There are 2 protein chains.
Amino acid sequence: MSKAESFNSEHDFELWLRKRAPRQAPGLILGIGDDAALVKPRRGWASVLTSDLSIEGIHFTKALHPPAAVGHRALARSLSDIAAMGAIPRFALISLALSRPATRAWVTRFFAGISGLACRFGVAIAGGDTAAGVKQTVVDVTVIGETPPGEALLRSGARPGDLIFVAGELGLSALGLELLKKRTRPRSAVISRAICAHLYPQPQCVLGRYLARRGLASAAMDISDGLSTDLARLAEASQAGACVESDRIPLPENPTRNRLSADRLLSLAMNGGEDYRLLFTVPAARARSVPQRFRGIRIYQIGEMREARQGLTMIRKGIALPLRPAGYDHFR
Amino acid sequence: MSKAESFNSEHDFELWLRKRAPRQAPGLILGIGDDAALVKPRRGWASVLTSDLSIEGIHFTKALHPPAAVGHRALARSLSDIAAMGAIPRFALISLALSRPATRAWVTRFFAGISGLACRFGVAIAGGDTAAGVKQTVVDVTVIGETPPGEALLRSGARPGDLIFVAGELGLSALGLELLKKRTRPRSAVISRAICAHLYPQPQCVLGRYLARRGLASAAMDISDGLSTDLARLAEASQAGACVESDRIPLPENPTRNRLSADRLLSLAMNGGEDYRLLFTVPAARARSVPQRFRGIRIYQIGEMREARQGLTMIRKGIALPLRPAGYDHFR
C-alpha cells in the first residue's frame, strides 16, 4: 500500500474522521476529538445500549462486500437492535481495527456507508477507536438510543395465544449472499433486490417505534440469525412455546425459473439470517390494529405463541413438526 | 480444544455470561439477554461515551498477558477516558471476538479481570457482543459514564501560563512490559510494582471527578500513548504550546542497580505509553489547591503551558529542546 493511499498517523486519521463526523447534532455536546464524547439524554427517557461486531471472514469478505456495504451493514446490525426495542437511535461509536491492506480509499467508502445510513436515521457519530495492522478487519459499532422506559419492547412479553408477525419476507439476505457468491449479475429486479437486501439491509426503526408507541407488540426482536433460531430465543425469553405455519412464512421471490426449490427457499427463510426484519407478537384481541403494510413493507402473521410445554413447532402440509434452531451460531 | 473446555453454542456462552453479569445495579433497567440494554441516565447530567479496542498482538499477547490482565486492561482503557473527562463510569458493553484457542478457562479469567475492576468502580456490565473463530482475539469495551455537563474536563481548556501536572510516575507500565518480555522474576517490590502497573493499571476516576467537581483543572486527558504524544494532543486541542522540565518528570524507580540508564528511564516515561495517569493543567493562581498526594498517589508539577508559537519544548540541563511526539501510533 502506497503512503499516499494510507494514513500516516493516528492523528492524520483522526483529523480525516473528524472532518466527516458531525460537529453539531441534536444532543451532541462534544463529538470526536477528546477522551470521550458528551451527549445530552432526553429528560425522563431511558438510554438503550447495544454493540455489534462485524468481522472480515465471518460477517463480510473483501471479495464480496464493497467497503460501503461493510460500513452500512455494521451500523445496520446495531440499529436493528434499537428498532427491536422500539427505541429511537441517537449516537454511534465506531471502533475499527484495520487489516494491513486497508487503504484510504477503502476507509473513505466504509465511512460513506456508515454516514449514509446514520444520516437517514438522524444518528450522530460521536466517537470510537481505531487500530491498524490486524490480520482481519474488525468493526464494533455501539449505538445509544432512547425510549420512554415503559414503552420498550422486550423479548420476554409474549403470552400463549399471541399472534406472531414478521415485517417483510425472510431469507432474502441469505439468497442475495448466494447470488453474490455465484457472481450472478443483477440482470433482473428480483436478483438486484436480493443482493441489495444482503449488502444494504434496512433496519426497521420506524416500525419498531410505531409498535412501541401504540403498545401493540407484547414482545419483539430482530431476526439476525434466522427465524428458527431467533423465534426460539423469543419463546425462551417469554417462557412460552410457538407454532408457525410454513405456508405463511413469506419467502423471497424465486430469482430464476426453477433454479431454487420451494424447500430451499423455505430453508433460507428459516435459517438464513441477516434479514434484520422485526419479529413481534401481538395479543390476539389487538391483532386487527396491526397494519397490513407499513411504509411499503408487508407485515405477515406467521403463527402464534403456545404454552411452553408445547415447544416450538412448524405446521407443514397439515403436520406439526418440531422446529429446531438452525440459524447462524458463532460457537458451532 | 476439547468440547468440555469450550462453549457449545452462543446460547451456552450467553447463559454463562448472564450468570456473571449483574441482574440488578443502580440505573440498570434491563441487562444482558435482550436485543439491547436499558439504563436510566441521571436527570440533568450528560452521558459520557467512549470505546477502546484491545487487540491480541498489538495491546496484549497470550504469552505475556494472563487472561485476567487482558480483561482488566481492556476495561481500564475506557475507564481512564471517563476519568479524564472527570466523569463517573456507570455501564460497560463488552464486545469479544475470540480466536480459536480461547477456552472456557481463558474466558472465565478474562471476565474475572473485567468484573473485578468493574465492581471497584460500580460499573455494571450491561451488554455487548461475541464472536468466535477469529485469527486474533479482539476486545472492544464501551463505557457509558455521567457528568454534570458544565463540569466535564476537556483537552481544550488549557491556557498559556497554566501549570501542567501528572498523577503518579510515568513509564512504569512500559518498564513492566520490558521486564515481562525478559521473563524477569518479581524478586523485588520495585519489579513487582512495574509488572503490576503494566498488567493491572488503575484508572484515576476518583481523582478525575475530584478535579472536575472543584473546577480545579482547566484541561485534562489520560496518558495512554506516552507523555510526548499526549501532551502534544492536549496542547493542540488548547491551541497552546507547552514546556516541561526533564528533572520534574516522575521516573519509575530503577528496578535493578545500574540496569537502566537515567536516559532510558526518561525515554520510557516520555514515550512508553499505557500509564493511564491523568495529565492536567491548572491556572497558576489555583495551583496551590492541587493536593500533593491524592489517595496515595503523588501529584507532580512537570511544566507549564506556553503560547502556541512557542511550540512544545523540554528543558534538560538548562537547555530547551524541541519535544517531538514519539509515543505509540497505530498507523506508523
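Anything mentioned here points back to the structure above.
Residues numbered from 1 in each chain as written. Chains lettered and ligands numbered in written order. Predicted model: local features only at pLDDT ≥ 70, side-chain atom pairs only at ≥ 80, totals over all residues. Heavy atoms only, no water.

Bringing the overall build of chain A into the picture now. Of regular secondary structure, chain A possesses eight helices and 14 strands. At 21 Å, chain A has a C-alpha radius of gyration in line with the 20 Å of a compact globule built from 332 residues. If one aligns the C-alpha atoms of chain A with their principal axes, the spans along those axes are about 65 × 50 × 35 Å. Considering only residue pairs separated by 6 or more positions, chain A has 84% of its internal contacts joining residues 24 or more positions apart. Carbon and sulfur atoms make up 50% of the accessible area of chain A, which totals about 13,500 Å². Positive and negative side-chain charges of chain A, numbering 45 and 29 respectively, have mean locations separated by a distance of 6 Å. (Helix = DSSP H or I, 4+ residues; strand = E, 2+ residues; numbered from the N terminus. Rg over C-alpha atoms; globule rule 2.2 N^0.38 Å. Contact = heavy atoms within 4.5 Å. Areas by Shrake-Rupley, 256 points an atom, 1.4 Å probe, with all protein chains shown as cover. Lys, Arg positive; Asp, Glu negative; His and termini not counted. Charge placed at Lys NZ, Arg CZ, Asp CG, Glu CD.)

What the rule picks out here adds up to 10 aromatic pairs over all chains. Look at F110 of chain B and F111 of chain B: their rings are 5.1 Å apart centre to centre, the planes differ by 85°, and that puts the pair in the edge-to-face class. By relative accessible area, which is 5% here, F111 of chain B ends up buried. The interplanar angle of 10° and the centroid separation of 5.4 Å between the aromatic rings of F165 of chain B and F280 of chain B together place this pair among those described as stacked. Taken together, the positions of F165 of chain B in strand β7 (residues 163-167) and F280 of chain B in strand β10 (residues 277-282) put the pair 115 residues apart, joining distant regions of the chain. The buried category is assigned to F165 of chain B, whose relative accessible area is 6%. Linked through ring pairs, W16, W106, F110 and F111 of chain A together constitute an aromatic cluster. For R42 of chain A, the ring lying beneath its charged end belongs to W45 of chain A, and the centroid distance is 3.9 Å. The lysine or arginine in question, K62 of chain A, covers the ring of W106 of chain A, its NZ or CZ lying 5.0 Å from the ring centre. (Phe/Tyr/Trp six-rings, centres within 6.5 Å; stacked < 30°, edge-to-face > 60°. Buried < 20%, exposed > 50% of the residue type's maximum accessible area, 1.4 Å probe, protein only. Lys NZ or Arg CZ within 6 Å of the ring centre and 35° of its normal.)

So, about the sheet that holds strand β3 (residues 46-55) of chain A. Ordered in space as β5(A)-β4(A)-β6(A)-β3(A)-β2(B)-β1(B), the six strands form an open sheet in which the pairing is mixed. In the strand order of this sheet, the two ends are held by β5 (124-134) of chain A together with β1 (28-30) of chain B, each with one partner. Sheet twist, expressed as the mean angle between neighbouring strand axes with direction ignored, is 20°. The pairing of β3 of chain A with strand β2 (residues 37-39) of chain B spans three bridges and is classified as antiparallel. Looking across to β2 of chain B, one finds that L49 of chain A is bridged to A37 of chain B. Sheet contacts for helix α3 (residues 104-120) of chain A: β4 (88-99), β5 and β6 (138-147) of chain A; angle to β4 of chain A, the most-contacted strand, approximately 170°. (Pairing = 2+ DSSP bridges. Axes fitted to C-alpha atoms, helices over the stretch in contact; angles between N-to-C directions.)

Attention now goes to the relation of the copies chain A and chain B. One copy of the chain maps onto the second through a rotation about an axis and a displacement along it. For these two chains of identical sequence, chain A goes onto chain B by a turn of 180° and a shift of 0.0 Å along the axis, with RMSD 0.0 Å. Expressed as a symmetry operation, the mapping of one chain copy onto the other fits a two-fold axis. Interface overlap between copies is the fraction of interface residues in one copy that are interface residues in the other; for chain A against chain B it reaches 100%, indicating a shared surface. (Least-squares fit on C-alpha atoms with pLDDT ≥ 70 in both.)

Right, let's get into the sheet that holds strand β5 (residues 124-134) of chain B. Taken together, the six strands give an open sheet; going across it, the order is β1(A)-β2(A)-β3(B)-β6(B)-β4(B)-β5(B), and neighbouring strands pair in mixed fashion. With one partner strand each, in any of the chains shown, β1 (28-30) of chain A together with β5 of chain B form the two edges of the open sheet. Taking each pair of neighbouring strands and ignoring which way they run, the sheet shows an average axis angle of 20°. Packing of helix α3 (residues 104-120) of chain B onto the sheet brings it into contact with β4 (88-99), β5 and β6 (138-147) of chain B, and relative to β4 of chain B it is tilted by some 170°.

What follows deals with the interface of chain A and chain B. Listed as interface residues are 69 residues of chain A and, on the opposing side, 69 residues of chain B. Taken together, chain A and chain B are joined by six salt bridges. At the boundary of chain A with chain B, the tally comes to 19 residue pairs in polar contact (both at pLDDT 80 or more). Per-element accounting of the side of chain A that touches chain B gives the leading share, nine residues, to β3 of chain A. Partitioning the side of chain A that touches chain B into residue classes produces 37 nonpolar, 15 polar and 17 charged. (Salt bridge = Lys/Arg side-chain N within 4 Å of Asp/Glu carboxyl O. Polar contact = N/O pair within 3.5 Å; in protein donor to acceptor, adjacent residues only side chain to side chain. Nonpolar A, V, L, I, M, F, W, Y, C, P; charged D, E, K, R; others polar.)

Moving on, we get to the pairing of β6 of chain B. Walk down a regular strand and you will see the side chains alternate between the two sheet faces. Residue and element names in this part refer to chain B. Among the 10 residues that make up β6, 10 are buried, leaving the element largely enclosed by the rest of the structure. Where burial is concerned, the two faces of β6 agree: the one with V138, D140, T142, I144 and E146 and the one with V139, V141, V143, G145 and T147 are both buried. Direction of pairing for strand β3 (residues 46-55) relative to β6: antiparallel, over a ladder of 10 bridges. Pairing of T50 across the sheet is with V143, part of β6. As paired elements, β4 and β6 share nine bridges and run antiparallel to each other. In the strand pairing of β6, A92 is matched with V143.

This brings us to unusual backbone geometry. All names here are of chain A. Of note in this structure, R183 is not a glycine but carries a positive phi near 55°. As for its placement among the helices and strands, R183 is situated in the loop between α4 (172-181) and α5 (189-199). On the basis of relative accessibility, which here comes to 59%, the residue R183 falls in the exposed class.

Turning our eyes to something else, we now look at the packing of helix α2 (residues 67-84) of chain B against α3 of chain B. When two helices pack together, their arrangement is given by the angle between the helix axes and by the axis-to-axis distance. Residue and element names in this part refer to chain B. Relative orientation of the contacting elements α2 and α3 amounts to 40°, with a least axis distance of 6 Å. Once α2 is placed against α3, the crossing between them reads as right-handed. Residues P67, A68, V70, G71, H72, L75, A76 and L79 of α2 pack against W106, R109, F110, G113, I114, L117 and A118 of α3. Grouping the constituent residues of the contact of α2 with α3 by class yields 11 nonpolar, three polar and one charged. (Left-handed = near helix turned anticlockwise from the far one by under 90°.)

Assignment of secondary structure puts H65 of chain B in the loop between β3 and α2. Within the structure, H65 of chain B has its side chain in polar contact with the side chain of H198 of chain B (distance 2.8 Å).

Quick look at the pattern of salt bridges now. This model, assessed by the stated rule, comprises 30 salt bridges over all chains. Its salt-bridge partner being D263 of chain A, residue R316 of chain A comes within 2.5 Å of it at the nearest N-O pair. Here R316 of chain A is found in strand β13 (residues 312-316), whereas its partner D263 of chain A is found in helix α8 (residues 262-271), with 53 residues between them in sequence. Exposure remark for R316 of chain A: the relative accessible area of 25% places this residue in the partly exposed category. According to the relative accessible area criterion, D263 of chain A is partly exposed, its value standing at 48%. Via salt bridges that share partners, D34 and D35 of chain A together with R155 of chain B belong to a single interconnected network.

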